[in-house]
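An overview of the molecular structure
Take a look at the letters that make up each chain.
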Amino acid sequence: MTDSAERIPTVMGALRSPRMLKTEVLAGLVVALALIPEAIAFSIIAGVDPRVGLFASFTMAVSIAFLGGRPAMISAATGAIALVIAPVAKQYGLDYFIATVILAGVLQVIFGVLGVAELMRFIPRSVMVGFVDALAILIFTSQFPALIGVPWLVYPLVAVGLLIMFLLPRITSLVPAPLVAIVLLTVAVVVFTLNVPDVGDEGELPSSLPALLIPDVPLNLETLSIIAPYALAMAIVGLLESLLTAKLVDDVTDSHSNKTRESWGQGAANVITGFFGGMGGCAMVGQTMINVETSGARTRISTFLAGVFLLILVVGLGDVVALIPMAALAAVMIMVAIGTMDWHSISPKTLRRMPKSETAVMLATVVVTVATHNLAYGVLVGVSTAMVLFARRVAHLTEVVDVAHPDEDTRVYAVRGELFFASSNDLVHRFDYTGDPKNVVIDLSGAHIWDASTVATLDAITTKYEAKGKHAEIVGLDASSAQRHVRLTGRLSGGH
C-alpha cells in the first residue's frame with residue numbers, strides 16, 4: 001500500500017480517534033439539517049408528499065454509506081431527479097412513480113456491472129471546471145426563494161450567519177461553523193420571537209418511520225412502456241451527477257474512489273429507497289461539499305449519520321427542527337456556493353492564458369446547466385462541444401505534401417496526420433488529378449486510418465485517378481491501418 005493510501009482515513013481509524021469521530025458526527029448533523037428543507041422542496045417539485053422526499057434522503061444516505069464507492073459523499077433526494085420523474089407522479093400517481101424509481105435503480109445496477117463508470121475518462125477538465133462553476137451558481141440561485149419577498153429581518157440574519165461561518169474557523173475548528181450558525185440563529189429567532197420563515201413553513205414533517213411499500217401497478221408491458229423512458233432518464237442523470245460528484249470529492253480529498261462500485265451502489269440504494277416509498281435520488285454536490293470541505297468529514301460514518309440524524313430530527317424532534325429559520329440554512333448554502341466556485345478558472349489572468357476552445361467548452365457547460373437547472377444536460381453539451389472542437393483542431397493537423405518525382409511518369413505524395421471523418425473528408429481535394437503523371441504513389445507511413453470514412457475517401461481518390469487513365473497506389477500503411485483498409489476498401493457504396 002502506498003503512503004498516500006495509508007493516509008486516507010478509514011471507518012476503523014475514525015472510531016479509534018475521538019477527534020476524527022467528533023468531526024464525522026458533527027458533519028453528519030450539519031448535513032442532516034441542510035437536507036431537510038431541500039428534501040421537502042424537491043418533493044414539491046416532484047409533485048409528491050414531503051415525506052416521500054424525506055424518507056428518500058434517509059434511505060439513500062444510509063444505504064450508500066454501506067454500498068457506495070466514494071466515502072463521505074452524500075446521496076439523497078435531488079432536484080435533477082425530481083425534475084426528470086415529476087411527470088410520472090402527475091400523470092399516473094404515486095405507485096407508478098415508485099415503480100419508476102425501482103426500475104431506475106435496477107438499470108443503474110446493470111450500467112454499473114457493465115462498466116459505464118469507465119466513460120468518466122472521456123470528460124475533459126474544462127467540462128469538470130464548468131460543472132463545478134455551474135453547480136456553485138445553482139446552489140446560490142436556489143436560495144433566492146428564501147431571500148426574495150421575505151421580511152427584512154431575514155437579511156441581517158443571513159449576514160450574521162455568513163459572518164459566523166467566515167470568522168469562526170479562524171478562531172477554532174472544534175465545532176463546524178455551519179452548525180454554530182444554525183444553532184445561534186435559531187436561538188435568536190426563538191428568544192426574540194422574530195417573525196421570519198422557518199423550516200416548518202416548507203411542509204409537514206413526518207411523524208412515523210418509513211415502512212415497506214410494494215407499488216400497486218400491473219406487471220405488464222404497458223406499465224413498462226410508461227415507466228421505462230423516465231426510469232432510463234433518471235438512471236443516466238443520477239449516475240452522471242453521482243460520478244461527477246465522486247470525481248470532485250476525489251480532487252478535494254486527494255484520494256481515489258471506486259466509480260464502478262459507486263455506480264451499482266447508487267442503483268441498489270435507489271431500489272431500496274423505492275421499496276420504502278422514497279422518490280429516489282443521487283449524489284448531492286452541495287451537501288457533499290458541506291460534509292467534505294466545510295465540515296472536514298472523510299469517512300462513511302458521516303454519510304451514515306447524516307441519514308440517521310435526518311430521521312431522528314424529522315420524526316423525533318420535528319417540532320424543534322421546524323423552528324430553524326430558513327435564513328440560517330440559506331446562509332449555509334451561500335457559503336457552500338462561495339467555497340464550491342472555482343474562482344481561479346474565471347480570473348482574467350487564467351482566461352487570457354487558456355485556449356479559446358477550452359474556455360468555450362467551460363462556458364457551454366455553465367450556460368446550459370444554469371439555463372436548464374440540470375447538471376447532466378450541461379455536462380453532455382460540454383462533452384459534445386469539446387469533441388467537436390477537438391475534431392476540428394485535429395482535422396487541421398493533416399497535410400498532403402509532394403515529396404518526390406522518381407521519374408517523369410511518377411509522383412509521390414506523403415500524407416501526414418490522423419485520418420478520420422473530420423480530417424479525411426477534405427483529403428480528396430488535395431491532389432492534382434489532371435496535372436499528375438500516369439503513376440501516383442500515396443505514402444501513408446506518417447498517417448493512421450481510424451475509420452471507414454477515411455477508407456471511403458481513399459477509394460474516391462483512386463477512382464478519380466482511374467477516371468483520368470492513371471494509376472494510384474497506396475503504400476506505407478501500419479498494421480492496424482492496413483487491416484482496416486483491406487477489410488473495407490471497395491466495399492463501401494459509391495466509394496465515398
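Rules used throughout
- Residues numbered from 1 in each chain as written.
- Predicted model: local features only at pLDDT ≥ 70, side-chain atom pairs only at ≥ 80, totals over all residues.
- Heavy atoms only, no water.
- Helix = DSSP H or I, 4+ residues; strand = E, 2+ residues; numbered from the N terminus.
- Buried < 20%, exposed > 50% of the residue type's maximum accessible area, 1.4 Å probe, protein only.
- Contact = heavy atoms within 4.5 Å.
- Areas by Shrake-Rupley, 256 points an atom, 1.4 Å probe, with all protein chains shown as cover.
- Lys, Arg positive; Asp, Glu negative; His and termini not counted.
- Charge placed at Lys NZ, Arg CZ, Asp CG, Glu CD.
- Pairing = 2+ DSSP bridges.
- Axes fitted to C-alpha atoms, helices over the stretch in contact; angles between N-to-C directions.
- Parallel < 35°, antiparallel > 145°, perpendicular 65-115°, else oblique.
- Left-handed = near helix turned anticlockwise from the far one by under 90°.
- Nonpolar A, V, L, I, M, F, W, Y, C, P; charged D, E, K, R; others polar.
- Expected span 1.5 Å × (residues − 1).
- Patch = residues over 30% accessible without salt bridge, like charges linked within 9 Å, V, L, I, M, F, W, Y side chains within 5 Å.
- Salt bridge = Lys/Arg side-chain N within 4 Å of Asp/Glu carboxyl O.
- pLDDT = per-residue confidence, 0-100.
- Phe/Tyr/Trp six-rings, centres within 6.5 Å; stacked < 30°, edge-to-face > 60°.
- Lys NZ or Arg CZ within 6 Å of the ring centre and 35° of its normal.

1. Re the overall build of the protein
- Within the protein, the regular secondary structure consists of 21 helices and six strands.
- Classification of the 496 residues of the protein by burial places 53% in the buried group.
- Expressed as a percentage of contacts within the protein between residues at least 6 apart in sequence, the contacts between residues at least 24 apart total 82%.
- Summed over all atoms, the accessible surface of the protein reaches about 22900 Å², with 65% contributed by carbon and sulfur.
- Of the charged side chains in the protein, 31 are positive and 38 negative, and the gap between their average positions amounts to 6 Å.

2. With respect to the sheet that holds strand S3 (residues 399-404)
- If you trace the four strands from one edge of the open sheet to the other, you get S3-S4-S5-S6, paired in mixed fashion. If you trace the sheet from one side to the other, it starts and ends with S3 and strand S6 (471-475), each paired once. Across the sheet, the axes of successive neighbouring strands diverge by a mean angle of 25°, strand direction being ignored.
- Bridge count between S3 and strand S4 (residues 410-419): five bridges; the pairing is antiparallel. Bridge pairing in S4 places Val-401 opposite Ala-414.
- The strands touched by helix H20 (residues 452-467) within the sheet are S4, strand S5 (439-449) and S6, with S5 carrying the most contacts at an inclination of about 170°.
- Sheet strands in contact with helix H21 (residues 479-488) are S5 and S6, and its direction is about 120° off that of S5.

3. Concerning the packing of helix H7 (residues 125-141) against helix H18 (residues 375-395)
- Close contact between H7 and H18 brings their axes to 10 Å; oriented N to C, the two are set at 150°. Judged by the inter-axis angle, H7 sits roughly antiparallel to H18. The element H7 and its partner H18 pack so that their crossing is right-handed. From H7, Val-127, Phe-131, Leu-135 and Leu-138 reach across to H18, where they touch Leu-375, Val-379, Gly-382 and Val-383.
- In terms of residue class, the contact of H7 with H18 is made up of seven nonpolar, one polar and no charged.

4. Here's the deal with helix H6 (residues 94-113)
- Between the first and last C-alpha of H6 there are 29 Å, a value that for 20 residues agrees with the 28 Å anticipated at 1.5 Å per step.
- When you tally the buried positions in H6, you get 14 out of 20 residues, the bulk of the element.
- The positive-phi residue at the C-terminal boundary of H6 is Gly-115, with phi of around 85°.

5. Focus: a nonpolar patch on the surface
- Taken together, Val-183, Val-187, Val-191 and Phe-192 make up a surface patch of nonpolar side chains, about 390 Å² in accessible area.
- Position of Val-191 among the secondary structure elements: in helix H9 (residues 177-191).

6. As for the confidence of the model for the protein
- Taken as a whole, the protein shows an average pLDDT of 89; of its residues, 98% reach a score of 70 or greater.
- Contacts of residues 1-6 to residues separated by more than four positions or lying in other chains number one contact, the stretch itself having pLDDT below 50.

7. A short note on the pairing of S4
- Counting buried residues along S4, eight of its ten residues qualify, which places the element largely inside the surrounding structure.
- The turn joining S3 and S4, which pair antiparallel and follow one another in sequence, is formed by five residues.
- As paired strands, S4 and S5 are joined by nine bridges and run parallel to one another. Note on S5: the bridge partner recorded for Glu-418 is His-448.

8. Considerations on the packing of aromatic side chains
- Going through the model one piece at a time under the given rule, you end up with eight aromatic pairs.
- Ring centres 5.2 Å apart and planes at 90° place the aromatic pair Phe-420 and Phe-421 in the edge-to-face group.
- Looking at Phe-420, the relative accessible area reads 12%, which means it is buried.
- Aromatic side chains Phe-431 and Tyr-465 sit 6.4 Å apart centroid to centroid with 75° between the ring planes, which places their arrangement in the edge-to-face category. Here Tyr-465 lies in helix H20 and Phe-431 lies in the loop between helix H19 (421-424) and S5, a separation of 34 residues in the sequence. The residues Phe-431 and Tyr-465 share a single accessibility class, namely buried.
- Through pairs of rings, three or more aromatic residues link up here, namely Tyr-413, Phe-431, Tyr-433 and Tyr-465.
- The ring of Tyr-433 carries the charged tip of Lys-464 above its face, separated from the ring centre by 5.8 Å.

9. Describing the side chain of Thr-359
- Take Thr-359: it is sitting in helix H17 (residues 356-372).
- Judged by relative accessible area, Thr-359 falls into the buried class, the value being 16%.

10. Concerning the environment of Lys-438
- Tracing the backbone shows Lys-438 in the loop between H19 and S5.
- Using a relative accessible area of 58% as the deciding quantity, one classes Lys-438 as exposed.
- The sequence separation of Lys-438 and Ser-17 amounts to 421 residues, and the corresponding C-alpha distance is 83 Å.
- Excluding its chain neighbours within four sequence positions, the residues that come into contact with Lys-438 are Asp-409, Lys-470 and His-471.

11. A look at the pairing of S5
- With five bridges connecting them, S5 and S6 associate as parallel partners. Bridge assignment links Asp-443 to a residue of S6, and that residue is Val-475.

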